[in-house]
Amino acid sequence: MDYEDSVAAHYGSGGVLERMLAVVRNAGGNPEHFAPADLRGADQLHIGGPAATSRVATRAGIRAGARVLDIGSGLGGVARHLAGDFGATVHGVDLTPEFVAAAQNLSERTGLAEQLEFTQASALALPLADASFDAAVLVHVGMNIRDKDRLFAEAARVLRPGGVLAVYDIMVTGGDIEAYPMPWAPTAETSFVQPPLAYSDALAQAGFDVGHEAKPLPEGIAFLEHALDAGGPVGLAGSALANLLTAFRAGILAPVEIYAHRP
Ligand SMILES: C[S@@+](CC[C@H](N)C(=O)[O-])C[C@H]1O[C@@H](n2cnc3c(N)ncnc32)[C@H](O)[C@@H]1O
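My aim in this report is to walk through the structure given alongside it, one point at a time. (Residues numbered from 1 in each chain as written. Predicted model: local features only at pLDDT ≥ 70, side-chain atom pairs only at ≥ 80, totals over all residues. Heavy atoms only, no water.)

**Considerations on the environment of Arg249**
- Residue position: Arg249 is located in helix H9 (residues 238-249).
- Here the alpha-carbon distance between Arg249 and Ile221, two residues 28 residues apart in the chain, equals 7.2 Å.
- Discounting chain neighbours no more than four positions away, the residues touching Arg249 are Ile221 and Glu225.
- Engagement of the side chain of Arg249 in a polar contact is seen with the side chain of Glu225, the distance being 2.7 Å. (Helix = DSSP H or I, 4+ residues; strand = E, 2+ residues; numbered from the N terminus. Contact = heavy atoms within 4.5 Å. Polar contact = N/O pair within 3.5 Å; in protein donor to acceptor, adjacent residues only side chain to side chain.)

This is how it looks when you write it as structure tokens:
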């Protein structure tokens, strides 16, 4: 099996749409029609949830009317947030067919489908025109992608001159991961975590001007502690979150944001 097939098999293990609708139902909402916030962040598969998405979008300067590419869009939670709260038009691309179908379905139920589009494809071969986006976001996806040079070359190709790429990934800040599973990978075979410097180098290689960097580690630790207390996100093994929290506390991994512009 190609490693991308293994990544898609890890995420698309079945029943994700029903799990999301159960979140809405259990909170007293109507699963046929609900607001994105009724999913309570369960559809945002990254450290910090909706608050982190708002922070990243604000730092990236995403505004109403912006054409945004969401690379590795998962269940579409980030895309719906950028559409609903920031007024953007978002095209999400993701490797996992089940996630793409769920993203589309959930977006229709929230009434945001007109601002959103989802396509099943690899970030390494985007089926999109050159210079067609004002901004791109990559949120907790690079950990699954070995070829960061190609990833960022593709992002640069589809951004217009002056466009911004916001990267928000788990990165290596010291030492080796001691225990799997991690939330993004059951074993080291599909985990390609890298230090911030490797990201900056790959971004520069792709022609980006690499700017602001942030490391919200204390917030990341607090988020994981709270998630573990609450029983963990729907559908994710508790051991994966516990292993990530251990690696955060040991200074081995951290959530890192990097903002880069296409000249
Ligand atoms: C941890 S989830 C994050 C999803 C979303 N960005 C969010 O924050 O809610 C990682 C996502 O990246 C996708 N992914 C991994 N490798 C990819 C690739 N090469 N191309 C496109 N998507 C990929 C997975 O299918 C999964 O949906």
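**What about the environment of Gly175?**
- You can see Gly175 is positioned in the loop between strand E5 (159-172) and helix H7 (196-205).
- Between the C-alpha atoms of Gly175 and Val193, which are 18 residues apart in sequence, the distance is 11 Å.

**Some points on the packing of helix H6 (residues 148-158) against H7**
- Two numbers describe how H6 lies on H7: the axes approach to 8 Å, and their chain directions differ by 50°. As judged from the angle between their axes, H6 and H7 are oblique. For the element pair H6 and H7, the recorded crossing hand is right-handed. On H7, the residues that touch Lys148, Asp149 and Phe152 of H6 are Tyr199, Ala202, Leu203 and Gln205. (Axes fitted to C-alpha atoms, helices over the stretch in contact; angles between N-to-C directions. Parallel < 35°, antiparallel > 145°, perpendicular 65-115°, else oblique. Left-handed = near helix turned anticlockwise from the far one by under 90°.)

**A look at the pattern of salt bridges**
- According to the stated counting rule, one finds nine salt bridges in the structure shown.
- Here Arg55 ties to Glu257 by a salt bridge, and the two come within 2.7 Å at their closest N and O atoms. One end of the pair, Arg55, is in helix H3 (residues 49-60); the other, Glu257, is in strand E7 (residues 253-261), with 202 residues separating them in the sequence.
- Here Arg55 falls in the partly exposed class, since its relative accessible area comes to 23%.
- Put simply, Arg249 and Glu225 hold a salt bridge, and the shortest N to O gap is 2.7 Å. Here Arg249 is found in helix H9, whereas its partner Glu225 is found in helix H8 (residues 217-229), with 24 residues between them in sequence.
- Exposure remark for Arg249: the relative accessible area of 53% places this residue in the exposed category. (Salt bridge = Lys/Arg side-chain N within 4 Å of Asp/Glu carboxyl O. Buried < 20%, exposed > 50% of the residue type's maximum accessible area, 1.4 Å probe, protein only.)

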